[in-house]
Amino acid sequence: MKLRTIARHLKEGLKNVGRNGWMTFASVSAVTVTLLLLGVFLVVMLNINNFGRNLEEDVEIKVYVDLTATDEQLRELGETIRDIPGVSQLRYSSKDEELKNLINSLGDQGKAWSMFEQENPLYNAYFVKTSDPRKTSKVAERLKTLDFVSEVKYGEAEIKRLFKVVDISRNVGMALVLGLSFTAMFLISNTIKITIFARRREIEIMKLVGATNWFIRWPFVIEGLLLGVFGAVTPIALIYWGYSYAYDTVSPMIDSSFIRLLPTEPFIYKIAGVLILIGALIGMWGSTMSIRKFLKV
Amino acid sequence: MIEMQDVYKQYKNGVHAINGINVTIKSGEFVYVVGPSGAGKSTFIKMMYREEKPTSGAILINGINLTTLKERKVPYLRRSLGVVFQDFKLLPRLTVYENVAYALEVIEESPKNIKRRVLEVLDLVKLKHRARSLPGQLSGGEQQRISIARSIVNSPKVLIADEPTGNLDPDTTWDIMEIFKEINNRGTTIVMATHNREIVNTIRQRVIAIEGGKIVRDEMRGDYGYEA
Ligand SMILES: Nc1ncnc2c1ncn2[C@@H]1O[C@H](COP(=O)(O)OP(=O)(O)O)[C@@H](O)[C@H]1O
Ligand SMILES: [Mg+2]
């Protein structure tokens, strides 16, 4: 295809957008509504995912070491743990350090524990983080079998519950996003079909004077692409304002280590990119689908 | 060269429009297709540029076998032909100029050549002054002349015309026939369905008469043969 032919298709596509008046408006509105819903779901879903990831990262396995272990055996145990597949981080904390932490964390009440400083009832402990939080329970089982391990602790029940919540929200989110994308495609393809139906005589004539299918299709594909991109503008603007507001005002009121909203800056641009891309794709797909039938001349 | 062998055409509604046609039209010939209304002239013509496919039989045009031609090759067949449609088939939203230019745009002709050729043929059909009008603003005769201009703009090897003078006044009719004779003299094959006895009897050419979907007469330098 020659450059000027590409230019011609672009010009024709643009002209059609202007020429089709309220049909353009209807298509753009259809895309706007669906992309807005889709965008909101994307924002929510990605944030839930992020909460999940934060939580997962906080999961630590505590390995309490038998008091009978000598310093040498303690060191060996550390090396064995480090070699277990899936272990990514290992931190050692002696029972004295543990007690100090405990006293500090309890503040005034901690003073009561001071009396144990002579006769420390705590254990030396290793803190293990896994490369993938989903390996936690497996690694924990493995740790239980090691020598000199007196107890292995991690939030078993909590982790399982958490993963369930994250998984469900992920799947529901995916299903919704997929469903909405298809609805949008269907809507835009139907809207464009009406505009194309009004022009089926024109398409027939174009074919009869020797136009190839692609020569006819390109302007429609570009028209669809433009409709999709225009349809993405309003949702992006609304989501940008909405999210900035939520991030600046709501977020500081929540004091939690893991319920943290994703920072506005790169996140919102990614969302905008995705919405434009999806808009463009459903627009092009919609017009390609709706023109198909009319090219058989 | 145009060749039809044992061609039959039955429309979906059951009408047998063409019933066994065998014909050979050599390059550079000028052929009138005559016959009463409903005889099958338009169907005969439509099969040449593949608007209709024959139900059986073979059609060859310039070595292209239309019966085995792949769907995506059809545009290239149509570009080698010029077609004047009985119902003009002009694009309503394009200007006269753009309508004629369209046939050259699809073959990706350069803008310079498009402009030159389009103005040339518009001048030939005497409609240069209407270049910026929309088809809907023109009379039937003027639309027909635009359709003629478009059909010859790409200098086709074969010109197929379905009653191209049906809507023209006598003066314009003779002007158009002059153009056809002129491009025929330059080597273009012309197949023209017509009801105009005066033309057929004055500008003597080969006459193929179709009745009931069959060729009933085929004469070199024939006459119209029907009462007006
Ligand atoms: N698209 C069509 N569908 C069904 N029947 C048709 C169609 N076109 C033409 N016919 C029928 O085929 C016969 C031949 O028509 P046509 O080729 O248009 O004849 P002519 O051009 O000589 O008047 C007529 O009986 C007509 O009614
Ligand atoms: Mg006819």
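Residues numbered from 1 in each chain as written. Chains lettered and ligands numbered in written order. Predicted model: local features only at pLDDT ≥ 70, side-chain atom pairs only at ≥ 80, totals over all residues. Heavy atoms only, no water.

Observations concerning the site of ligand 1
Residue and element names in this part refer to chain B.
Part 1: As a matter of local geometry, ligand 1 sits amid Tyr11, Asn13, Val15, Ala17, Pro36, Ser37, Gly38, Ala39, Gly40, Lys41, Ser42 and Thr43.
Part 2: Here an oxygen atom of ligand 1 sits 2.7 Å away from a polar atom, N or O, in the main chain of Gly38.
Part 3: Counting residues per element, the shell around ligand 1 draws most heavily on helix H1 (residues 41–46), at three residues. (Near = heavy atom within 4 Å. Polar contact = N/O pair within 3.5 Å; in protein donor to acceptor, adjacent residues only side chain to side chain. Helix = DSSP H or I, 4+ residues; strand = E, 2+ residues; numbered from the N terminus.)

Thoughts on the coordination of the magnesium ion (ligand 2)
Residue and element names in this part refer to chain B.
Part 1: Within the first shell, the magnesium ion (ligand 2) binds the protein through Ser42 (OG) and Gln86 (OE1), at distances of 2.0 to 2.8 Å. Taken together, the positions of Ser42 in helix H1 and Gln86 in the loop between strand E6 (81–84) and helix H3 (96–105) put the pair 44 residues apart, joining distant regions of the chain.
Part 2: Its relative accessible area of 21% is what places Ser42 among the partly exposed residues.
Part 3: According to the relative accessible area criterion, Gln86 is partly exposed, its value standing at 38%. (Donors = N, O, S within 2.8 Å, 3.2 Å for Na, K, Ca; no water. Buried < 20%, exposed > 50% of the residue type's maximum accessible area, 1.4 Å probe, protein only.)

Concerning the sheet that holds strand E5 (residues 64–65) of chain B
All names here are of chain B.
Part 1: Strand order in the open sheet formed by four strands is E2-E1-E4-E5, with antiparallel pairing between adjacent strands. Either end of the sheet is taken by a strand with one partner, and the two such strands are strand E2 (16–25) and E5.
Part 2: Judged from the two bridges that link them, strand E4 (residues 56–61) and E5 form a sheet pairing that is antiparallel. Within the sheet, the bridge partner assigned to Ile61 lies in E5 and is Ile64. (Pairing = 2+ DSSP bridges.)

Focus: the pattern of salt bridges
Two side chains carrying opposite charge are able to pair once their charged atoms lie near each other.
Residues and elements named next belong to chain A.
Part 1: Enumeration according to the criterion identifies 23 salt bridges over all chains in this entry.
Part 2: The salt bridge partner of Glu72 is Arg75, with a shortest N-O separation of 2.9 Å. Here Glu72 and its partner Arg75 are both found in helix H3 (residues 71–83), three residues apart, which amounts to about one turn of the helix.
Part 3: Assessed through its relative accessible area of 41%, Glu72 is described here as partly exposed.
Part 4: Here the salt bridges share partners, and the residues they tie into one network are Glu72, Arg75 and Glu79. (Salt bridge = Lys/Arg side-chain N within 4 Å of Asp/Glu carboxyl O.)

Notes on the environment of B:Ile25
Residues and elements named next belong to chain B.
Part 1: Following the sequence through the fold, Ile25 ends up in strand E2.
Part 2: Sequence-wise, Ile25 and Thr189 are 164 residues apart; in three dimensions their C-alpha atoms are separated by 8.4 Å.
Part 3: Residues in contact with Ile25, not counting those within four places in the same chain, are Met1, Ile2, Val31, Thr189, Val191, Arg206 and Ile208. (Contact = heavy atoms within 4.5 Å.)

Section: the sheet that holds strand E2 (residues 87–93) of chain A
All names here are of chain A.
Part 1: Across the sheet, which stays open at both edges, the four strands sit in the order E2-E3-E1-E4 with antiparallel pairing between neighbours. At either end of the open sheet lies a strand with only one pairing partner, and these are E2 and strand E4 (149–153). Across this sheet, the average inter-strand angle for adjacent strands is 20°, counted without regard to direction.
Part 2: Examined bridge by bridge, E2 and strand E3 (residues 124–130) share six bridges and lie antiparallel to one another. Across the sheet, Val87 pairs through a bridge with Thr130, a residue of E3.
Part 3: Across the sheet, H3 is in contact with strand E1 (61–65), E2, E3 and E4; its angle to E3 comes to roughly 10°.
Part 4: Across the sheet, helix H5 (residues 136–144) lies against E1, E2, E3 and E4, angled at about 5° from E1, the strand it touches most. (Axes fitted to C-alpha atoms, helices over the stretch in contact; angles between N-to-C directions.)

None of this, on its own, says anything about what the molecule does.
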